[in-house]
Amino acid sequence: MKFSRTYTLKEISQISNTQYVGDDNFPVLGMNEIHVVEPGDIVFVDHPKYYDKALQSKATVVMINKKVDCPKGKALLISDDPFRDFNKLSLYFKPFQSASQAIASTAKIGENTVIQPNVFIGNNVVIGKNCLIHPNVTIYDNCIIGDDVIIHSGTVLGGDAFYYKKRENGFDKLLSTGRVVVENNVEIGATCTIDKGVTGDTTIGKGTKIDNQVQIAHDTVIGEECLIASQVGIAGCSIIEDEVILWGQVGIISGVTIGKKAVVLAQAGVSKSLDGNKVYFGYPAGDAKEKYKELALLRRLPKIIEKLEK
Amino acid sequence: MKFSRTYTLKEISQISNTQYVGDDNFPVLGMNEIHVVEPGDIVFVDHPKYYDKALQSKATVVMINKKVDCPKGKALLISDDPFRDFNKLSLYFKPFQSASQAIASTAKIGENTVIQPNVFIGNNVVIGKNCLIHPNVTIYDNCIIGDDVIIHSGTVLGGDAFYYKKRENGFDKLLSTGRVVVENNVEIGATCTIDKGVTGDTTIGKGTKIDNQVQIAHDTVIGEECLIASQVGIAGCSIIEDEVILWGQVGIISGVTIGKKAVVLAQAGVSKSLDGNKVYFGYPAGDAKEKYKELALLRRLPKIIEKLEK
Amino acid sequence: MKFSRTYTLKEISQISNTQYVGDDNFPVLGMNEIHVVEPGDIVFVDHPKYYDKALQSKATVVMINKKVDCPKGKALLISDDPFRDFNKLSLYFKPFQSASQAIASTAKIGENTVIQPNVFIGNNVVIGKNCLIHPNVTIYDNCIIGDDVIIHSGTVLGGDAFYYKKRENGFDKLLSTGRVVVENNVEIGATCTIDKGVTGDTTIGKGTKIDNQVQIAHDTVIGEECLIASQVGIAGCSIIEDEVILWGQVGIISGVTIGKKAVVLAQAGVSKSLDGNKVYFGYPAGDAKEKYKELALLRRLPKIIEKLEK
């Protein structure tokens with residue numbers, strides 16, 4: 001997330017109620033999670049294991065729970081609880097705004113776009129031209145939808161990331177300030193759920209077609225011209241490259257990459273990154289030919305064992 | 001789909017902007033996909049592999065991308081792109097009509113049927129007597145619902161078929177003109193999705209009970225008195241015969257038949273047709289007893305191998 | 001379900017059109033399914049196999065299809081069809097009330113709770129303080145929601161139990177009169193479905209976080225501070241103890257208990273109760289380490305067999 005103007009380090013320190021290391025006027029342009037940080041951004045880190053990663057990331061301002069040496073050209077925000085104080089910034093820069101009507105007055109809807117009855121469109125949503133939004137669709141605040149997009153009924157775009165920190169007294173939620181971005185010519189089936197990015201975008205690439213009841217979690221990026229069949233679930237921060245085909249009920253773990261033109265057969269469970277241009281199935285998903293051999297062998301196994309035991 | 005009146009071959013040729021082979025006044029009664037064609041129908045074919053199938057089907061008019069010999073008693077529509085020109089006919093005969101209100105004035109709703117708040121009912125929908133349609137249900141245009149039907153919240157009937165043709169520049173959608181037909185005494189759980197047929201009907205047979213989050217794709221026919229548990233997914237053009245039981249999270253591929261009184265256990269993946277009166281499980285789904293043996297053997301395998309290798 | 005006042009055995013006999021064994025004024029406090037009966041309750045039983053269980057249960061009044069000896073201190077209701085006559089009582093004590101508006105006038109909504117547009121809230125629903133109910137959520141009659149609860153769009157709380165009796169002429173539905181109870185600090189994702197109890201409560205414990213597209217069936221009790229990932233399905237009458245983690249697409253059969261702090265990995269199928277403090281996966285779900293060994297062996301199997309067959 002980028003701020004609407006450049007803030008100073010001092011201002012950010014006041015908003016987040018943290019100490020700072022750096023020049024009062026050190027410029028701060030936005031805030032982002034470690035996966036998607038850019039120069040000018042604040043990132044947060046609260047575990048020594050990840051200190052180096054955060055300090056050496058592209059982020060220019062590191063909110064951290066230890067007074068470490070400040071890398072050259074960067075600044076620090078010292079907090080006894082960076083998770084909590086990063087949330088403070090989220091609340092300040094993207095406060096939840098309840099709706100006063102089903103279609104927000106700040107939403108921009110393009111020419112020839114049809115919005116059917118009982119649709120909810122949140123604040124600052126942008127929808128392009130020639131789209132068709134079927135009844136009972138929900139589009140949370142700040143989502144961006146291209147031209148010639150079709151969204152079927154009951155689908156929900158922009159729900160919060162499923163992202164919690166375990167505390168002594170329960171789970172603490174990392175507030176989501178990101179967006180869902182749906183590019184041109186996408187079609188999304190009925191009762192799909194696509195969560196917003198934590199601070200960045202969950203993206204559905206141009207021309208991709210998604211069947212009913214598909215779940216796509218926060219910060220996942222789906223490439224162009226993919227086919228995603230019904231009841232597929234894709235966890236957060238994964239990358240599905242262009243022209244990938246995922247058949248029904250496939251599950252994909254978080255943080256992996258599925259290479260271009262890969263095909264994952266029905267009900268497979270993907271637990272690591274997969275190369276493109278290949279066909280996969282099984283749990284954990286592997287090369288389809290190998291898996292078929294295993295299955296065939298498993299079926300013949302009783303007889304093989306019987307023979308060997310003689 | 002049948003047309004509202006008999007059209008002439010010449011009229012159809014003009015609407016679809018195709019050449020024709022046959023008498024100007026050759027009667028045309030409707031248009032259908034190859035799975036469900038009937039005499040009087042137009043069917044389309046654009047791949048030499050399927051020419052014979054289309055020409056020998058029950059269809060009387062074949063839209064085809066080659067000047068072939070016209071079978072006796074039939075007519076041809078010659079098109080350089082039958083997929084595109086079949087869509088032209090769909091657009092002409094079933095244009096999408098946006099809604100001016102949540103419950104269409106053309107919808108017919110039977111006596112004693114309760115429609116709860118925030119329900120969408122499209123154009124020409126027919127709902128029988130003594131039904132209960134819970135809040136936030138969406139029923140797209142032209143769906144037909146019998147008597148004594150209960151539909152729970154968030155369910156979507158009549159979404160488009162997930163059916164695309166890959167082109168150089170992306171996916172081209174086959175427009176759906178079919179319907180969902182729900183027979184008497186059916187109950188459908190919450191947030192289910194049942195897509196309309198491409199040109200024909202997706203049917204839920206009399207007395208069948210469907211749990212929450214079930215997906216049923218285009219043109220699939222579910223028999224009478226089936227039980228379908230939660231999160232089952234059934235792909236397109238499949239036939240589930242009477243009194244079949246599908247337990248939770250079962251997945252069924254397109255184009256197969258599940259025989260009468262078959263039982264498919266939870267999470268099974270059905271990849272081919274299954275005989276009736278048997279119990280199945282596993283992936284790919286097989287006879288449950290055989291599969292249990294395989295599982296038992298797999299558990300004992302480490303010890304068996306160890307013994308054999310001595 | 002407890003009645004609003006104490007009824008007499010005679011009154012209940014008249015409402016249900018059954019004969020009774022016991023004192024006219026024998027007090028009757030409520031009615032419940034066998035899983036959740038308490039003293040003062042009516043329970044029903046219609047199969048000799050379960051007679052003893054029902055007669056010896058905590059229920060004080062047994063609706064039964066045979067004139068058996070009445071246990072001391074209890075009463076009987078003699079019915080030729082207890083399933084039907086139990087339903088008669090359900091209809092009498094909890095008749096379905098159609099809604100005259102999207103948010104029932106009898107609903108109680110706490111301070112600072114935000115209800116977004118297009119939400120349905122049924123009769124007698126209670127929602128606590130500081131909750132956020134996103135658009136297009138459906139909350140059926142009588143559900144109870146605590147403080148600081150977030151419910152995302154498209155979610156449905158309180159649908160009917162998927163519970164039928166097979167009759168000669170089709171399925172007969174057991175009417176649900178229970179509730180969904182969501183405790184404080186719960187977050188529920190988008191398009192989840194949580195069914196009401198048949199006569200008791202389906203409960204989501206304090207601080208539990210549920211991702212999108214999760215299905216939780218009737219009478220299941222989820223403990224405190226659980227994490228339930230997307231597309232998990234939990235069948236009826238199961239118990240998920242505190243701090244359990246269920247990863248994506250897990251399926252859990254009815255009537256089992258998952259012990260405290262158990263972790264079930266993605267896509268696993270749980271077919272029996274599992275001890276706490278362990279990690280599980282596979283179908284049927286077993287100790288993760290054992291299952292990994294089986295998978296590794298399966299992958300090596302072709303070579304092992306080849307070697308052994310030499």
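This text follows the structure it describes.
Here the structure is a predicted model, which means the values were calculated and not measured.

Once that is clear, we can look at the relation of the copies chain C and chain A. You can overlay chain C on chain A at an RMSD of 0.0 Å; the transform is a turn of 120° with a shift of 0.0 Å along its axis. Taken together, these values place the two copies in the relation of a three-fold axis.

The next thing to look at is the pattern of salt bridges. Oppositely charged side chains may form a pair once their charged atoms are brought near each other. For the structure on display, the rule yields 54 salt bridges over all chains. Notably, a salt bridge pairs Glu243 of chain A with Lys166 of chain B, separated by 3.2 Å at the nearest N-O pair. Remark: Lys166 of chain B occurs in strand 16 (residues 164-167) and Glu243 of chain A occurs in the loop between strand 27 (239-240) and strand 28 (245-246); the pair is interchain, linking two chains. Glu243 of chain A sits in the partly exposed class, given a relative accessible area of 22%. Since its relative accessible area comes to 42%, Lys166 of chain B is described here as partly exposed.

With that out of the way, let us pick up the interface of chain C and chain A. Each partner contributes to the interface: chain C provides 41 residues, whereas chain A provides 48 residues. Carbon and sulfur atoms make up 59% of the area that chain C and chain A hide from each other, which totals about 3300 Å². When the buried area of chain C at its contact with chain A is split by residue, Glu225, Gln267 and Leu298 of chain C rank highest and sum to 14% of it. With its nearest N and O atoms 3.8 Å apart, the salt bridge here joins Lys166 of chain A to Glu225 of chain C. Applying the counting criterion to the chain C and chain A interface returns 19 residue pairs in polar contact (both at pLDDT 80 or more). Taken together, the elements giving at least two residues each to the side of chain C that touches chain A come down to strand 22 (209-210), strand 25 (227-228) and helix 4 (288-309) of chain C. At eight residues, the largest contribution of residues to the side of chain C that touches chain A is made by helix 4 of chain C. For the side of chain C that touches chain A, the residue count by class is 19 nonpolar, 15 polar and seven charged.

Where helix 4 (residues 288-309) of chain A meets helix 4 (residues 288-309) of chain B, the axes come as close as 11 Å, and the angle between the chain directions of the two elements is 35°. In terms of crossing hand, the pair formed by helix 4 of chain A and helix 4 of chain B is left-handed. Contacts between helix 4 of chain A and helix 4 of chain B pair Leu298, Arg299, Leu301, Pro302, Ile305, Leu308 and Glu309 of chain A from the former with Glu294, Leu297, Leu298, Leu301, Ile304, Lys307 and Leu308 of chain B from the latter. Considering only residue class, the contact of helix 4 of chain A with helix 4 of chain B consists of ten nonpolar, no polar and four charged.

About the criteria used
- Each chain carries its own residue numbering, running from 1 in the direction its sequence is written.
- Chain letters start at A and ligand numbers start at 1, both assigned in the order the entries are written.
- Only residues with pLDDT of at least 70 get local features here, since the model is predicted, and only at 80 or more are side-chain atom pairs given and counted; chain-wide, interface and lining totals rely on the full set of residues.
- Values shown for side chains rest on all heavy atoms present in the structure; no hydrogens or waters enter the calculation.
- The copies are overlaid by a least-squares fit using only the C-alpha atoms of residues whose pLDDT is at least 70 in both copies.
- Criterion for a salt bridge: a side-chain nitrogen of Lys or Arg within 4 Å of a carboxyl oxygen of Asp or Glu.
- Helix and strand assignments follow DSSP, with helices taken as H or I runs no shorter than four residues and strands as E runs no shorter than two, numbered in order from the N terminus.
- Between buried and exposed lies partly exposed: a residue is buried under 20% and exposed over 50% of the maximum accessible area for its type, with that area taken using a 1.4 Å probe on protein chains only.
- Any two residues whose heavy atoms approach within 4.5 Å at even a single point are treated as in contact.
- Note on terms: buried area is the combined drop in 1.4 Å-probe accessible area of two parts once they are placed together, counting the loss on both.
- The term polar contact refers here to a pair of N or O atoms within 3.5 Å; inside protein, the definition further demands a hydrogen-donor-capable atom paired with an acceptor-capable atom, and it admits residues adjacent in sequence only when both atoms are side-chain atoms.
- We call Asp, Glu, Lys and Arg charged. Ala, Val, Leu, Ile, Met, Phe, Trp, Tyr, Cys and Pro are nonpolar, and the rest, Gly among them, are polar.
- Angular values range over 0 to 180 degrees, each being the angle between N-to-C directions of two axes fitted as lines to C-alpha atoms, with helices fitted over their stretch in contact.
- Take the far helix as the reference: if the near one is turned anticlockwise from it by less than a right angle, the crossing is left-handed, and if turned clockwise, right-handed.

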